[in-house]
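A closer look at the structure
Listed below are the residues making up each chain.
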Amino acid sequence: MGDIGARNHVVVSGRTDGPTVMLAHGFGCDQNLWRLVAPELARDFRVVLFDHVGAGRSDLSAWRPERYATLDDYAEDILRICRELDLSDVVFVGHSVSAMMGVLAAIQEPQRFAKLVLLVPSPCYIDDEGYRGGFSRADIDELLESLDSNYLGWSAAMAPVIMGNPDRPELGEELTNSFCRTDPLIARSFARVTFLSDHRAELAKVSVPTLVVECVEDVIAPREVGAFVHAQIEGSRLVTLPATGHCPQLSAPEVTIEAIASFAAR
Amino acid sequence: MNAPGHGGRREVVVFSSLLEDSAEDLYENAPCGYLSTLLDGQIAKVNATLLGWLGYTREELVGRRAFSDLLTVGGRLYHETHFAPLLRLQGEVGGVALELRTADGSRLPVLVTSKVKSGADGRPQLIRTTIFDASDRRAYERELLRARQEAELDRERLQRLVRTLQHSLLPSSLPQVPGLRAAAHYHIASRDEVGGDFYDLFPLTSARWGFFLGDVCGKGAGAATVTSLIRYTLRAAAVYDSDPVTVLDTLNAALHQEYHGDDPRYCTAIFGILAPDGDGFSITLASGGHPPCLLLRADGTADYQPTPNGLLIGILPSATFTSRAIHLGPGDTLLLYTDGLTEARTGATGTPDGRFGDEALHAFATRLAPTTASAAVAALAGLLEGFGTGLDDDTAILALSVPSPGE
């Protein structure tokens, strides 16, 4: 595995002769988010998991606020992973904000991607004239405050324990709330990049077959946003999962796997 | 109860447990909020304490609202992106700071701990949550957070000030001297303190230039004011009488006059004059307590150029300095440096205390020779960088060279 592989903690599993499914985690966690889904998909597909730089076991030293200032910067990493692993015909599954990263990557290099699965996507979280994203600017500031108050006890000394011992994961797991731990500075920056992004205009440029997956109830990506994304991407399909919350891959893994697998295999 | 003795202890135990006789009452009126929700977040059970805090009736919440409905919007975002996934992944989440919205719209800062309850078949059934009022604690934490943010701002301001001050004490660029190449490097050990090293190269007449390099004792604001005094004294003294020994005498007198008694300030320095001479430059220099400069010759040799008897400058009312004349011919490079370079802790085996040392520097210079001012400075800057954390002091480097024919 080369530089990018280590930088993004890329993990490849599953059938080497199967189609490639790349699973991208969103804001708030890391590739652990796919732990109920990835093993099932690995039976029929080659599964590529990774952590965005700044999350999980990625190389934290590679993170710079100016280097990861937009979703395009994250999309570039996705393309680099594809290039490094020489992937083509990728079925890209992006959860939450990563759905939009997938959109940006697929516009830039459509030939890399066979299909896009946008899992609870939102192209713009903040309300605008004639558009309801669900949040106001003040709400986002409130989230940043929540992040600050919950990371008060976060210690930079934790990072090496969790990130630096990939061969001894039990070291990290002894900690309370050990999953999805993020350096507060990085979390804050990623939250800004995520929730202040607006890529509504890019949706119409998607030329890859796309599946939009939403949940019946999701405060972060409400159904009208799902409908908006579906309407903007020509020829896209929309599936509504009987699940609540923003992480159906954890709360309703079976239906999530079914939605991804049936679309990916078509 | 009052009478100590036989059987008393037993009675106390029985009496106490009688007071706390109802698990139901303990649940309802516990000093914390209790909440049980279904896996999709719907509220299934809630205790009286929490209802009291929120100002809702049981009927308004049970079966009608989800836990995340009770949160502020920012808190809901946090809940969806962090809390809920974490709870699914590890079965419990502890001590998360959130804010609840009460019925009258006010906010209640709380600390939330949740645990998934599984049935006999091991499948998750519901989520139990305890909620503690954290108003006071949150106010305190906000103060801490604000103090930290202010401290970070102050540090940024300080570092900006230090950078500006540092730049004001060093030449922004070295002047062009016809027939001579000059290069310099400055390594600042700390971003929070002004370094005590200094150097300069400046014209005296159309055919004479002065240069100096030195090291003030200490660092920080105090050292910066001394550095400023030294710089201007050296420049002014050289205009008046450019003999290096006289210039250092003047500096010695100025420093000793300004700083004596309980706040002595002193420095080490090399001061030199250069003038065109044949195919190169003649250099006269004097040193006060400073490590000798190195001459890297065109023939590939390198040697220290000591100036004996040079005392620390500013420590005694009068000091004796001696001068030395050097001819800098084509292909020769004169290298001045401060002791941050030789005293860097490199773990070297050649020196008793593991510092880089004079011998290693001599060997390094010999390998470089013949060289040019810019190549020598680049090589030394690379060497310094390689020292990593072993380089704990400021380091200044100034190199002067005469180009070889055809260069």
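See the structure shown above.
Notes on the structure in this doc start here. (Residues numbered from 1 in each chain as written. Chains lettered and ligands numbered in written order. Predicted model: local features only at pLDDT ≥ 70, side-chain atom pairs only at ≥ 80, totals over all residues. Heavy atoms only, no water.)

A word on the packing of aromatic side chains. According to the stated counting rule, one finds 13 aromatic pairs over all chains in the structure shown. With centroids separated by 5.7 Å and ring planes inclined at 80°, the aromatic side chains of F27(A) and F190(A) adopt a geometry described as edge-to-face. Residue F27(A) is located in the loop between strand 2 (20-24) and helix 2 (38-41), and its partner F190(A) is located in helix 8 (residues 184-195); the two are separated by 163 residues in the primary sequence. Accessibility classification places F27(A) together with F190(A) in one group, the buried group. Within the aromatic cluster, the residues linked to one another by ring pairs are F27(A), Y68(A), Y74(A), Y125(A), F190(A) and F195(A). The ring of Y131(A) has R200(A) lying over it, and the distance from NZ or CZ to the ring centre is 4.6 Å. Of note, R231(B) hangs over the ring of Y232(B), and the distance from its end group to the ring centre comes to 6.0 Å. (Phe/Tyr/Trp six-rings, centres within 6.5 Å; stacked < 30°, edge-to-face > 60°. Helix = DSSP H or I, 4+ residues; strand = E, 2+ residues; numbered from the N terminus. Buried < 20%, exposed > 50% of the residue type's maximum accessible area, 1.4 Å probe, protein only. Lys NZ or Arg CZ within 6 Å of the ring centre and 35° of its normal.)

Under the definition given, this model contains 28 salt bridges over all chains. Between R235(B) and D200(B) there is a salt bridge; the shortest N-O distance is 2.8 Å. Placement of R235(B) in helix 7 (residues 220-240) and of D200(B) in strand 7 (residues 197-205) is noted, with a sequence separation of 35 residues between them. Given a relative accessible area of 30%, R235(B) falls into the partly exposed group. Its relative accessible area of 0% is what places D200(B) among the buried residues. What you see here is one network of salt bridges that share partners, running through E76(A), R80(A), R83(A), E109(A) and R112(A). (Salt bridge = Lys/Arg side-chain N within 4 Å of Asp/Glu carboxyl O.)

Further remarks concern the layout of surface pockets. Approximately 900 Å³ is the volume found for the largest pocket. Lining the largest pocket we find 38 residues, and of these T244(A), S251(A), L39(B), D40(B) and R88(B) sit closest to its centre. If you list the elements that add at least two residues to the lining of the largest pocket, you get helix 10 (248-251) and helix 11 (253-265) of chain A together with helix 5 (73-90), strand 4 (107-118) and strand 5 (124-133) of chain B. In terms of residue count, helix 5 of chain B provides more of the lining of the largest pocket than any other element does, eight residues in total. For the lining of the largest pocket, the residue count by class is 17 nonpolar, twelve polar and nine charged. (1 Å grid on protein atoms, 1.4 Å probe; cavity = no way out; pocket = protein on both sides within 12 Å on 5 of 7 lines; lining within 4 Å. Points joined across faces, edges and corners; volume = space filled by probe spheres on them. Nonpolar A, V, L, I, M, F, W, Y, C, P; charged D, E, K, R; others polar.)

Before going further, it helps to examine a negative patch on the surface. All names here are of chain B. The grouping of E20, D21, E24 and D25 at the surface amounts to a negative patch. You can see E24 is positioned in helix 2 (residues 23-28). On the basis of relative accessibility, which here comes to 48%, the residue E24 falls in the partly exposed class. (Patch = residues over 30% accessible without salt bridge, like charges linked within 9 Å, V, L, I, M, F, W, Y side chains within 5 Å. Areas by Shrake-Rupley, 256 points an atom, 1.4 Å probe, with all protein chains shown as cover. Lys, Arg positive; Asp, Glu negative; His and termini not counted. Charge placed at Lys NZ, Arg CZ, Asp CG, Glu CD.)

What follows concerns the environment of V116(B). Residue and element names in this part refer to chain B. Tracing the backbone shows V116 in strand 4. Sequence separation between V116 and L39 is 77 residues; the distance between their C-alpha atoms is 8.6 Å. Not counting residues up to four positions away in its chain, the partners in contact with V116 are L87, G91, P124, L126 and I127. (Contact = heavy atoms within 4.5 Å.)

Okay, the nonpolar core next. Within the largest apolar cluster, 84 residues are counted, with the highest numbers of intra-cluster contacts made by M22(A), F113(A), F195(A), F67(B) and L100(B). Not counting chain neighbours up to four residues away, the residues in contact with L100(B) comprise L50(B), L54(B), F67(B), L70(B), L71(B), S106(B), R107(B), L108(B), V110(B) and I131(B). Membership of the second largest hydrophobic core comes to 28 residues, among which are V91(A), L119(A), V120(A) and F263(A). (Core = buried A, V, L, I, M, F, W, Y, C linked by side-chain atoms within 4.5 Å.)

A word on the packing of helix 3 (residues 71-84) of chain A against helix 4 (residues 97-108) of chain A. All names here are of chain A. Between helix 3 and helix 4, the least distance of the axes is 8 Å, while the angle of their chain directions is 65°. Judged on the interaxial angle alone, helix 4 and helix 3 are roughly perpendicular. For helix 3 against helix 4, the interelement crossing comes out right-handed. Residues L71, D72, Y74, A75, E76, I78 and L79 of helix 3 touch helix 4, and the partners they reach there are V97, M100, M101, L104, A105 and Q108. Considered class by class, the residues forming the contact of helix 3 with helix 4 number ten nonpolar, one polar and two charged. (Axes fitted to C-alpha atoms, helices over the stretch in contact; angles between N-to-C directions. Parallel < 35°, antiparallel > 145°, perpendicular 65-115°, else oblique. Left-handed = near helix turned anticlockwise from the far one by under 90°.)

A word on the interface of chain B and chain A. Listed by partner, the interface residues are 28 residues for chain B and 32 residues for chain A. Across the chain B to chain A interface the summed buried area is about 2600 Å²; carbon plus sulfur atoms make up 62%. Among the residues of chain B in contact with chain A, L77(B), E80(B) and L89(B) are the three that bury the most area, contributing 25% of the side total. Seen at the junction of chain B and chain A, the total is one salt bridge. The salt bridge involving E142(A) is made with R107(B); its shortest N-O contact spans 2.2 Å. Where chain B meets chain A, there are four residue pairs in polar contact (both at pLDDT 80 or more). Where the side of chain B that touches chain A is concerned, the elements lending two or more residues are helix 5, strand 3 (92-101) and helix 6 (135-168) of chain B. Element by element, the count of residues in the side of chain B that touches chain A is highest for helix 5 of chain B, at 14 residues. Among the residues forming the side of chain B that touches chain A, the class breakdown is ten nonpolar, nine polar and nine charged. (Buried area = accessible area lost by both parts, 1.4 Å probe. Polar contact = N/O pair within 3.5 Å; in protein donor to acceptor, adjacent residues only side chain to side chain.)

These values are about where atoms sit, not about what they do.
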